[in-house]
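# What the coordinates show
For reference, the chains in residue letters:
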Amino acid sequence: MCGIIAITTSSKINVSKMITDGLKKLEYRGYDSVGIATINNGKIQVLKDAGSIDTVNKRMSFEDLEGTIGIGHTRWATHGPPSKENAHPHSDCTGNIIVVHNGIIENYLHLKEALLNKGHQFSSETDSEVIVHLMEEELLKTGRKQSILEAFKQTIAQLEGTYAITLIHSTDPDTIFLARKDSPLVIGVREDIKFAASDIPAFLEYTKKVIVLRNGEIATLTPKAVYIEKNGFRIQPKPVVVSWTAESAQKSGYPHFMLKEIHEQPIALKNTLNINPDIMEKASNKVLKAGKIIFLACGTSYHAGLTGYHQFLRILQKKPLYKIIASEYETYSSLVDEDTLIIAVSQSGETLDVMKAVTHVRKLGASIVSLANVVDSSIPRLSQIPLYTKAGPEIGVAATKTHTAQVALLARLALQVEHDIGQINRTEFKEQLHSLIMDTPQIARTVINQNEFKAKRLASIIDNQQHAYFLARGLNYPIAQEGALKLKEISYIHAEAFPAGESKHGPIALVEPQFPVIMIAPNDRTAKKIQGNAEEMRARRAYVVSVTEKNHEIIKRSDYTFLIPKSSPLIRPISYVIPLQMLAYYTAVRRGFDPDKPKNLAKTVTVE
Ligand code: AGP
């Protein structure tokens, strides 16, 4: 929920500019307050305030801070409102220890009370501030230099909850101390400079060599070395070289990351579908062996999971299938046993609701196949079979390319299962696989090219509306749900999705003249009935929009139409959702909102 970056270097450059630039690249992780600290000639300097990075930087000139080591933080408030005092970094009573933190310290009230009783002065309402005062206490208990790491370990051992912690101490002016549990922290490695950050784009322009810090690991970074240990044992992971370019993490000329990422879907789909067949066979094997299958996710990823559920429903008629919103997992945990396969879908691989559920199902002996966009992130690391979408960094808070990439990966898995249970023979499998791999990116490109201007025009028609409905049937219903969430979360129009047949059981009461009703209507077995639903809406003079294909009767009953090329049930959840992404984007822009930073939302939800 927050963005962290830390840098230490032996070259005589001030790191404050690199830290500020890095924070800008992490702004999608939180943007209600920001701060930076450096050590210069043994003295710590801190600048911080409530407000966006640009606003606070303009006021305080972050780049004027001198020093070859520093840390920065952009905040998404969880404890204490956005304010100068609650902004990170936080310091102890002496001013010699500085920390930034992402996550939630669940036992902070208990720790804070004990520290206050010992005379510590707190300057914020945050949970994070207990970390530096605990460290101050630990240092009082032990000796000098060699004990800073010991004191840090003792401090971390007292914390309960989730954390990505980055700490510096004025008497150790080239060392950064790191610890992580459940909140992401990655290390960037280059000869004379080391980085730590919440996400790779923060330092991608300087190095592509990355080490992902794992849960329970403690690390120190100096300009020349990375030291990592877990439970007192040293570990030496090899850096992975990420294929992302600094360019791919920038806007590349688009007005917003979200529009860039909508346009990147064809390449994201192509890269994602270029997956090693062996791993698909292994995942399919897990599906076939499972006594029951549970799709587990949140938000937009849940809608991808729903399309996977429907694909499996079509193929595995007899196998018990469930779909669970991860924050509701506890209600359904009795379903899980060693015979269960969990298919966990999470683009960030860090969503705490999903992580908590996955951690629990592991204890029950269930198998886990995960789909994530960030290599080596927490949820894949908890899975027997991690599958990766290769959508590249998704900076916009509203998920677009990662969503369709997830849908494509689940379609690929469904096709593998269909073959492995003998429903289609080798020749049919190869033909359908070829079509999935070759046609999907092309169809996505065609849909974008033929419908972007229509989405922009429709946005100008509905931008003054307060409500909208998205209706569909069967396999198309998750598309309606995703379309409604997109419109709701970035344009703030209250949009809802219903199974089209449900309208007459209540929702239609709200429909009045010009009320936008978007119908997801491919020419499949739902065609006839969805036509009838369009009639119902037109009878109440709703503004009927259909996402459909040529020659569908519904076109005559629609005020506005998006035409989608004909395709298989595997590809339709991708091709039909893209116009809805574009509609949400252009409606948000027309209504004067920033689609990349929707209010109250953050890119990765690491709180429960
Ligand atoms: C993204 O458009 C949504 N705002 C959000 O619901 C997101 O899909 C959800 O938080 C899950 O994130 P994840 O895929 O990283 O687990």
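A brief report on the enclosed structure follows. If you're wondering where the values come from, they're calculated on a predicted model, not measured in any experiment.

## Examining the pairing of strand 17 (residues 321-325)
Across five bridges, the pairing between strand 16 (residues 292-297) and strand 17 is parallel. Bridging across to strand 17, Ala 297 finds its partner in Ile 325. Read from strand 16 through helix 9 (residues 299-315) to strand 17, the crossover connection turns out right-handed.

## Here we look at the pairing of strand 7 (residues 161-169)
Put simply, side chains in a regular strand alternate between the two faces of the sheet. Burial of strand 7 is extensive: nine of the nine residues sit out of reach of the surface. Here strand 7 shows no split at all, with Gly 161, Tyr 163, Ile 165, Leu 167 and His 169 on one side and Thr 162, Ala 164, Thr 166 and Ile 168 on the other all buried. Direction of pairing for strand 6 (residues 97-105) relative to strand 7: antiparallel, over a ladder of nine bridges. Its bridge partner lying in strand 7, Ile 105 is registered against Gly 161. With four bridges joining them, strand 7 and strand 8 (residues 176-181) adopt antiparallel strand pairing. Its bridge partner lying in strand 8, Ile 165 is registered against Ala 179. Linking strand 7 to strand 8, which pair antiparallel, is a turn of six residues.

## Re the environment of Pro 569
Along the chain, Pro 569 falls in the loop between strand 25 (560-563) and helix 17 (572-575). Sequence spacing of Pro 569 and Asp 463 is 106 residues, and the spatial spacing of their C-alpha atoms is 31 Å. Look past the residues within four positions of Pro 569 in its chain and what remains in contact with it is Gln 311, Arg 314 and Leu 475.

## A short note on the nonpolar core
If you look at soluble globular proteins, the nonpolar side chains tend to sit buried side by side. If you look at the biggest cluster of nonpolar residues, it comprises 82 residues, and the most contacted ones within it are Ile 293, Phe 312, Ile 343, Phe 470 and Ile 520. Here the element with the most residues in this core is helix 14 (residues 426-462); it accounts for eleven residues. Contact partners of Phe 312, with chain neighbours within four places excluded, come to Val 287, Ile 293, Phe 295, Leu 321, Ile 343, Leu 410, Leu 413, Ala 414 and Val 417. The next biggest cluster of nonpolar side chains, apart from the first, holds 30 residues, and it includes Leu 23, Leu 26, Phe 203 and Ile 395.

## Quick notes on the site of the ligand
The environment of the ligand is formed by 14 residues, the closest being Ser 301, Ser 346, Ser 348, Thr 351 and Glu 489. One of the side-chain nitrogen or oxygen atoms of Ser 301 is found 2.5 Å away from an oxygen atom of the ligand. Contact between the ligand and Glu 489: a nitrogen atom at 2.5 Å from a side-chain N or O atom of the residue. Broken down by secondary-structure element, the contributors of at least two residues to the shell around the ligand are helix 9 and helix 15 (477-491). The dominant element in the shell around the ligand, judged by the number of residues it contributes, is helix 9, at three residues. Its residues assigned to classes, the shell around the ligand shows five nonpolar, seven polar and two charged.

Conventions adopted
- Residues numbered from 1 in each chain as written.
- Predicted model: local features only at pLDDT ≥ 70, side-chain atom pairs only at ≥ 80, totals over all residues.
- Heavy atoms only, no water.
- Pairing = 2+ DSSP bridges.
- Helix = DSSP H or I, 4+ residues; strand = E, 2+ residues; numbered from the N terminus.
- Right-handed = clockwise from strand over helix to strand, strands pointing away.
- Buried < 20%, exposed > 50% of the residue type's maximum accessible area, 1.4 Å probe, protein only.
- Contact = heavy atoms within 4.5 Å.
- Core = buried A, V, L, I, M, F, W, Y, C linked by side-chain atoms within 4.5 Å.
- Near = heavy atom within 4 Å.
- Polar contact = N/O pair within 3.5 Å; in protein donor to acceptor, adjacent residues only side chain to side chain.
- Nonpolar A, V, L, I, M, F, W, Y, C, P; charged D, E, K, R; others polar.

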